[in-house]
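# A look at the structure
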Amino acid sequence: MVLPEPWASDLLSKNIGYNIAINIQDEWSHVNGTATPLPQTCLIVKKEIATQKTDAWKLFLEDYKDSIKWINNNQAKTAELLDNHEIGIPMELAEGVIPRSNLEYFDALSARFAVDKYLNIFLELSPESIGGKLPNSHFYTE
């Protein structure tokens, strides 16, 4: 994801004297020597929801995936909706940020390698920040 305009470049130019933009996904791939994406967000749910209300959970996940597809395929309309619903992101900013947001859906099992790779950094630098160990397989659900 590239730093969003205009506030990021304004902030940088005021503090370091020039504009800079980086693609975090590209940098992550470069540093790690892999095309594994950098996990930036996650969906957290109580275990009971996923295991006891499976039909509702599956329906929610399908709607969630469809929403991501819709955003990627309707970026101008998404920016307009963000502006209309006073989310706090002006349409002009959203129009520049949405195309660079790299929104993709990965189910938990598919994302596990990427998440573990990311959490390993915390494990090495500050083990207490993630409870001193990587999560076990029960952390990930379908």
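Residues numbered from 1 in each chain as written. Predicted model: local features only at pLDDT ≥ 70, side-chain atom pairs only at ≥ 80, totals over all residues. Heavy atoms only, no water.

A surface patch of like charges, here negative, comprises D83, E86, E92 and E95. By the secondary structure assignment, E95 is in helix α6 (residues 91-97). E95 gets classed as partly exposed once you look at its relative accessible area, which sits at 43%. (Patch = residues over 30% accessible without salt bridge, like charges linked within 9 Å, V, L, I, M, F, W, Y side chains within 5 Å. Areas by Shrake-Rupley, 256 points an atom, 1.4 Å probe, with all protein chains shown as cover. Salt bridge = Lys/Arg side-chain N within 4 Å of Asp/Glu carboxyl O. Lys, Arg positive; Asp, Glu negative; His and termini not counted. Charge placed at Lys NZ, Arg CZ, Asp CG, Glu CD. Helix = DSSP H or I, 4+ residues; strand = E, 2+ residues; numbered from the N terminus. Buried < 20%, exposed > 50% of the residue type's maximum accessible area, 1.4 Å probe, protein only.)

On to the packing of aromatic side chains, then. Each aromatic ring pair is summarised here by two numbers: the centre-to-centre distance and the angle between the ring planes. This model, assessed by the stated rule, comprises six aromatic pairs. Ring plane angle 70 degrees and centroid distance 5.3 Å describe the contact between Y118 and F122, whose orientation is recorded as edge-to-face. Of this pair, Y118 and F122 both sit in helix α7 (residues 108-125), separated by four residues, roughly a single helical turn. A connected cluster of aromatic rings, assembled from ring pairs, spans W57, F60, Y64 and Y105. (Phe/Tyr/Trp six-rings, centres within 6.5 Å; stacked < 30°, edge-to-face > 60°.)

Between helix α4 (residues 54-73) and helix α5 (residues 75-84), the least distance of the axes is 5 Å, while the angle of their chain directions is 105 degrees. Considering the angle they form, α4 stands roughly perpendicular to α5. Where α4 abuts α5, its residues W70, I71, N72 and N73 lie against Q75, K77, T78 and L81. Across the contact of α4 with α5, the residue classes break down as three nonpolar, four polar and one charged. (Axes fitted to C-alpha atoms, helices over the stretch in contact; angles between N-to-C directions. Parallel < 35°, antiparallel > 145°, perpendicular 65-115°, else oblique. Contact = heavy atoms within 4.5 Å. Nonpolar A, V, L, I, M, F, W, Y, C, P; charged D, E, K, R; others polar.)

What the rule picks out here adds up to three salt bridges. The shortest N-O distance in the salt bridge between K65 and E62 comes to 3.0 Å. Residue K65 and its partner E62 are both found in helix α4; the two are separated by three residues, about one turn of the helix. With a relative accessible area of 25%, K65 lands in the partly exposed category.

What follows concerns a nonpolar patch on the surface. A contiguous nonpolar surface patch, about 290 Å² in accessible area, is contributed by I121, F122 and L125. By relative accessible area, F122 is classed as partly exposed at 32%.

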